[in-house]
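# Remarks on the overall topology
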Amino acid sequence: MRRTLAFILTAGAASPAFAASGPFFSLGNTDFVVTLGFIVFIAVLFYFKVPSMIGGALDNRAEAIKSDLDEARALHEEARSLLASYERKQREVQGQADAIVAAAKEDASLAAEQAKAELEKSIARRLAAAQDQIASAEATAVKEVRDQAVTVAVSAANEVLAKQMTATQANKLIDAAIADVGDKLH
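Residues numbered from 1 in each chain as written. Predicted model: local features only at pLDDT ≥ 70, side-chain atom pairs only at ≥ 80, totals over all residues. Heavy atoms only, no water.

### Description of the overall build of the protein chain
Applicable threshold: Strands here mean DSSP runs of E at least two residues long; helices mean DSSP runs of H or I at least four residues long; both are numbered from the N terminus. Accessible area is worked out with a 1.4 Å probe on protein chains only. A residue is then buried under 20% of its type maximum, exposed over 50%, and partly exposed in between. Areas reported here follow the Shrake-Rupley algorithm with a probe of radius 1.4 Å; residue values treat only the protein chains shown as occluding.
Within the protein chain, the regular secondary structure consists of four helices and zero strands. In the protein chain, the succession of α and β elements from N to C terminus is α-α-α-α. Out of the 186 residues in the protein chain, the part that is buried amounts to 7%. Surface accessibility of the protein chain: about 15900 Å² in total, with carbon and sulfur atoms responsible for 65%.

If you want it as structure tokens, here you go:
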């Protein structure tokens, strides 16, 4: 099949050479020489099996392209599976992140409630301490007022007694006080 195709192509390519003037089959006719050189060239190509080598090279190239395509398909499938795996992992991680955020919000609300309760307890303690201080200050003030009242009363009584008392009565009171102190000390 290839040889007949090559012959037809050779004959078709040489047909313009028949239009030349003069005897065609002489070496003086350049068209004949060119046609003869072309036929010899084609024969040499067929002798060294160049068309089969070109066909083999093209077949090898086609096989290489086919293997590259198969490899590309395999890589594409692998990439798809990796993408699906990463998307699945991303969904899992997103779920875990959402759970962590929810737990953190819950912990924060519990901590806020505890802080609020502790603040209320602290305020109650401080209020009780302030009330205790107020009561203590009030008791101290009352005691000071009483002490002052006693001092004023004693001083007023002393003045009244001093005005009403005579020297003999004063000496008797002093002697009685000294005896009373002596009895209390012994």
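That covers the picture; the talk isn't over yet.
### Describing the confidence of the model for the protein chain
A low pLDDT score tells you not to read the predicted coordinates there in detail. Stated precisely, the cut-off is as follows: pLDDT: the predictor's confidence for each residue, scored from 0 to 100.
Residue-level pLDDT values for the protein chain average 85, and 88% of them are 70 or greater. Mean pLDDT values for the elements of the protein chain range from 60 in helix 1 (residues 2-14) up to 93 in helix 2 (residues 30-47).

### Considering the pattern of salt bridges
Heads up, the rule is: What counts as a salt bridge is simple: a side-chain nitrogen of Lys or Arg found within 4 Å of a carboxyl oxygen of Asp or Glu.
Counting across every chain of the model gives one salt bridge. In this structure, the salt-bridge partner of Asp70 is Arg73, at a minimum N-O distance of 3.1 Å. A residue pair is termed a helical-turn pair when its members lie 3 or 4 positions apart in one helix, as Asp70 and Arg73 do in helix 3 (residues 50-164) at three residues. Overall, the relative accessible area of 38% leaves Asp70 in the partly exposed class.

### What to know about unusual backbone geometry
A positive phi angle, near 55 degrees, is found at Lys49, a position not held by glycine. Within the fold, Lys49 resides in the loop between helix 2 and helix 3.

### Re the packing of aromatic side chains
In plain terms, the rule: Ring pairs shown here join Phe, Tyr and Trp side chains whose ring centres sit within 6.5 Å, with only the six-membered ring taken for Trp; geometry is labelled stacked below 30 degrees between planes, edge-to-face above 60, and tilted in between.
Following the criterion strictly, the structure yields one aromatic pair and no others. Ring centres 5.1 Å apart and planes at 80 degrees place the aromatic pair Tyr47 and Phe48 in the edge-to-face group. Look at Tyr47 and you get exposed, because its relative accessible area is 65%.

### What to know about helix 2
To be explicit about the condition: Expected span, for any helix, means 1.5 Å times one less than how many residues it has. As used here, the arc is the angular range of directions from the helix axis to the C-beta atoms. Side-chain atoms alone can form a polar contact between residues adjacent in sequence; in general such a contact is a pair of N or O atoms within 3.5 Å, and within protein one must be able to donate a hydrogen while the other accepts it.
If you check helix 2, its first and last C-alpha atoms are 25 Å apart, about what 18 residues at 1.5 Å a residue would give, namely 26 Å. All of the buried residues in helix 2 are Phe32, Thr35 and Ile42. Down the axis of helix 2, the buried side of the element spans an arc of 95 degrees, and every buried residue falls inside it. Those residues of helix 2 that are exposed and aimed more than 90 degrees away from the buried face are Thr30, Val34 and Tyr47. Two or three places before Asp31, at the opening of helix 2, Asn29 has a side-chain oxygen 3.1 Å from that residue's backbone nitrogen. Within two residues after helix 2, Lys49 carries a phi angle of roughly 55 degrees, on the positive side.

### Concerning a nonpolar patch on the surface
Selection rule: Surface patches are defined over residues having more than 30% relative accessible area and no salt bridge, joining like charges when they lie within 9 Å and nonpolar side chains (Val, Leu, Ile, Met, Phe, Trp, Tyr) when within 5 Å.
A cluster of nonpolar side chains, namely Leu27, Val33, Leu36, Val40, Val44, Tyr47 and Phe48, defines an oily patch on the protein surface of about 730 Å² accessible area. Along the chain, Val40 falls in helix 2. Note on Val40: relative accessible area 46%, which makes it partly exposed.

### A short note on helix 3
Convention followed: Contacts are assigned to residue pairs with any non-hydrogen atoms lying within 4.5 Å of each other.
Its 115 residues place the ends of helix 3 162 Å apart at the C-alpha level, agreeing with the 171 Å of an ideal helix rising 1.5 Å per residue. Contact partners of the buried residues in helix 3: helix 2.

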